[in-house]
Amino acid sequence: MPKQLSRHSSILKTPRHGRKLTPHPGEPSHGPLTAEELQLAVRNHSMPLEALRNDTTPPGLHYVLTHFDIPFIDAEHWHLQIGGAVQRSLELNLKALRRAPQISVPVTLECAGNGRSLLRPRPLSQPWQLEAVGTAVWTGVPLAYLLAQAGVEDDAVEVVFTGADTGVQGGVRQQFARSLPIAEALRPDIVLAYRMNGNELPPQHGYPLRLVVPGWYGMASVKWLSSIKVLTKPFDGFQQAVAYRYQQDADDAGTPVSWIKVRSLMIPPGVPDFFTRSRMVPAGPVMLTGRAWSGEGAVQRVEVGIDGKWAQAQLAHPAAPFAWCAWSMPWVADPGDHELACRATDATGATQPLEQAWNYQGMGNNVVQRIKATVQ
Ligand SMILES: Nc1nc2c(c(=O)[nH]1)N[C@H]1C(S)=C(S)[C@@H](COP(=O)(O)O)O[C@H]1N2
Ligand SMILES: [Mo]
């Protein structure tokens, strides 16, 4: 139940800390984009929708989200620490990690805040529209292998991953850190990646090593990894206990954000107008194409809506369980103004909403995309 009055209080109290925390800088806004949002938007870029054409997102086109600064890491002297509730603490340099067993996993990553700027009122944070997504092939050591080497103690409940980047969020000085429940951490497809699409990790994607958690929103995939610690109590760091929660207002403890919700996107057809980005499409047959993905269950259906009339698209198989799949749908475009839309349904039966339910941090918005096209 949204508490009307408390929406105007921006203080979140977390009893475990006994300290006051604000997940977001100020109240959600009905006003124009702020200078702070613009500053975040030019640092953190999304994937141009035309890059949905590629199974694997080409270098530089994958979205980027970095809370603080990209840390400079001297890989020669860098090492990964594994400790906490384990039988043997480990310290591994890049050479040692490269000698360990290797897997390559195609994964679609999406930021949990994708779609945030479309919400009314607009939560003030990175103002994503629809394209905070990308698919890469991540190569590295299975996390489960290293945890087995270290020997996880029986009373372990979570594993916390800490990055080398530092900053202040909600008034709290912190290193970026996120945890996974122990059962998740032992999944065979979670990668400690030192390569992206066959090349060295780029600085902005976590060089020299990052975690990749297939199926979870991006915040779980900690970049610039410096330590892994096995815990016997749940982790209560800022990015776990305060940020990345579905909450109705600042005082609501909310529920944690985890798996990616079902979503589809379409490559806008035709050519854009430079300033408005509305589309001009020549009359006649057009193949509408795009991608769909979900962390909660395999994509089962994509429908394309033309002026509100829905028809089922053709679906291709994804490269891996947590990589997006291609869809296509022929359209005979007749002259006039049209609205194109797409919506996916996954194996849990979840379908993208036509209208998004609002939440305080603007998390997990998977509302259907709508494209205005003028056919000439
Ligand atoms: N150390 C660290 N890891 C991080 C972040 C960060 O700011 N610092 N951002 C997270 C978020 S919110 C997302 S969506 C993904 C983005 O990964 P990408 O920039 O490689 O696309 O990284 C996650 N890992
Ligand atoms: Mo994110």
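Residues numbered from 1 in each chain as written. Chains lettered and ligands numbered in written order. Predicted model: local features only at pLDDT ≥ 70, side-chain atom pairs only at ≥ 80, totals over all residues. Heavy atoms only, no water.

### Here's the deal with the overall build of the protein
Piece 1. Along its length, the protein carries five helices and 24 strands.
Piece 2. Against the globule reference of 21 Å for 376 residues, the protein gives a C-alpha radius of gyration of 21 Å, in line with a compact fold.
Piece 3. With the C-alpha coordinates aligned to their principal axes, the bounding extent of the protein is approximately 70 × 50 × 35 Å.
Piece 4. Counting only residues that meet the buried cut, the protein has 54% of its 376 residues in that class.
Piece 5. Looking at the protein alone, contacts between residues at least 24 apart form 72% of all its contacts between residues at least 6 apart.
Piece 6. As displayed, the protein has an accessible area near 16900 Å², and 55% of this comes from carbon and sulfur atoms.
Piece 7. Separation of charge centres in the protein, based on 34 positive and 32 negative side chains, amounts to 1 Å. (Helix = DSSP H or I, 4+ residues; strand = E, 2+ residues; numbered from the N terminus. Rg over C-alpha atoms; globule rule 2.2 N^0.38 Å. Buried < 20%, exposed > 50% of the residue type's maximum accessible area, 1.4 Å probe, protein only. Contact = heavy atoms within 4.5 Å. Areas by Shrake-Rupley, 256 points an atom, 1.4 Å probe, with all protein chains shown as cover. Lys, Arg positive; Asp, Glu negative; His and termini not counted. Charge placed at Lys NZ, Arg CZ, Asp CG, Glu CD.)

### Quick notes on the sheet that holds strand β7 (residues 158–169)
Piece 1. In spatial order, the strands read β4-β3-β12-β7-β8; together these five strands make up an open sheet with mixed pairing. Among the strands making up the open sheet, the edge pair consists of β4 (90–92) and β8 (172–181). If you compare each strand with its neighbour and ignore which way they point, the axes differ by 20 degrees on average.
Piece 2. Where β7 meets strand β12 (residues 225–231), six bridges bridge the pair, whose relative direction is antiparallel. (Pairing = 2+ DSSP bridges. Axes fitted to C-alpha atoms, helices over the stretch in contact; angles between N-to-C directions.)

### Focus on the site of ligand 1
Piece 1. Among the 19 residues in the neighbourhood of ligand 1, the closest are listed as Y63, D165, H205, R210 and K223.
Piece 2. Within the side chain of D165, an N or O atom sits 2.6 Å from a nitrogen atom of ligand 1.
Piece 3. The backbone of S221 places a nitrogen or oxygen atom 3.0 Å from a nitrogen atom of ligand 1.
Piece 4. Against a free-state accessible area of 530 Å², the protein chains account for coverage of 100% of ligand 1.
Piece 5. At a threshold of 2 Å from the grid points, most atoms of ligand 1 map onto the largest cavity.
Piece 6. Partitioned by chemical class, the residues of the shell around ligand 1 number nine nonpolar, seven polar and three charged. (Near = heavy atom within 4 Å. Polar contact = N/O pair within 3.5 Å; in protein donor to acceptor, adjacent residues only side chain to side chain. 1 Å grid on protein atoms, 1.4 Å probe; cavity = no way out; pocket = protein on both sides within 12 Å on 5 of 7 lines; lining within 4 Å. Sits in = over half its atoms within 2 Å of the grid points. Nonpolar A, V, L, I, M, F, W, Y, C, P; charged D, E, K, R; others polar.)

### Here we look at helix α3 (residues 143–150)
Piece 1. The complete set of buried residues in α3 reads L143, L146, L147 and A150. Viewed along the axis of α3, the buried residues span an arc of 100 degrees, placing them on a single side of the element.
Piece 2. One or two positions beyond α3, positive phi appears at G151, with a value near 75 degrees. (Arc of directions from axis to C-beta.)

### Observations concerning the side chain of E110
Piece 1. Checked against the element boundaries, E110 lands in strand β5 (residues 103–110).
Piece 2. By relative accessible area, E110 is classed as buried at 2%.
Piece 3. Of note is the side chain of E110, whose polar atom sits 2.9 Å from the side chain of N114.
Piece 4. Not counting the four nearest positions on each side in its chain, E110 is found in contact with Y63, A132, V133, Y217, G218, I260, K261, R263 and W293.

### Brief notes about empty space enclosed by the protein
Piece 1. This model, assessed by the stated rule, comprises one cavity of 30 Å³ or more.
Piece 2. Lining the largest cavity are 20 residues, with L65, R210, G218, S221 and K223 sitting closest to its centre.
Piece 3. Residues of the lining of the largest cavity, tallied by class, amount to eleven nonpolar, six polar and three charged. (Points joined across faces, edges and corners; volume = space filled by probe spheres on them.)

### Observations regarding the layout of surface pockets
Piece 1. Quantified by volume, the largest pocket comes out at close to 1100 Å³.
Piece 2. Around the largest pocket, the lining is made up of 37 residues, and of these L49, Q129, L130, E131 and R277 lie nearest the centre.
Piece 3. Those elements that provide at least two residues to the lining of the largest pocket are β18 (284–293) and β24 (369–375).
Piece 4. Take the lining of the largest pocket: its biggest share by element is four residues, from β24.
Piece 5. Here the lining of the largest pocket is composed, by residue class, of 17 nonpolar, eleven polar and nine charged.
Piece 6. Residue contributions to the lining of the largest pocket reach at least three from each of two domains, namely domain 1 (28–256) and domain 2 (263–375). (Domains from an automatic or database assignment.)

### Quick notes on the packing of aromatic side chains
What describes a pair of aromatic rings is the distance from one ring centre to the other and the angle between the planes of the rings.
Piece 1. Counted under the stated rule, the structure contains five aromatic pairs.
Piece 2. Look at W216 and W259: their rings are 5.8 Å apart centre to centre, the planes differ by 50 degrees, and that puts the pair in the tilted class. Here W216 is found in the loop between β11 (210–212) and β12, whereas its partner W259 is found in the loop between β14 (255–256) and β15 (263–266), with 43 residues between them in sequence.
Piece 3. Judged by relative accessible area, which is 25%, W259 ranks as partly exposed.
Piece 4. Aromatic side chains W293 and W324 sit 6.0 Å apart centroid to centroid with 55 degrees between the ring planes, which places their arrangement in the tilted category. Of this pair, W293 sits in strand β18 while W324 is found in the loop between β21 (314–315) and β22 (325–333), placing the two residues 31 residues apart along the sequence. (Phe/Tyr/Trp six-rings, centres within 6.5 Å; stacked < 30°, edge-to-face > 60°.)

### So, the domain arrangement of the protein
Piece 1. When the domains of the protein are assigned, the result is domain 1 (28–256) and domain 2 (263–375).
Piece 2. Facing the 41 residues of domain 1 at the interface are 24 residues of domain 2.
Piece 3. Across the interface of domain 1 and domain 2, roughly 2900 Å² is buried in total on both sides, 61% from carbon and sulfur atoms.
Piece 4. When the buried surface of domain 1 facing domain 2 is broken down by residue, L52, L119 and L130 rank first, second and third, together holding 21% of it.
Piece 5. Linking domain 1 with domain 2 are two salt bridges.
Piece 6. For D55, the salt bridge identified is with R291, shortest N-O distance 2.8 Å.
Piece 7. Linking domain 1 with domain 2 are 18 residue pairs in polar contact (both at pLDDT 80 or more). (Buried area = accessible area lost by both parts, 1.4 Å probe. Salt bridge = Lys/Arg side-chain N within 4 Å of Asp/Glu carboxyl O.)

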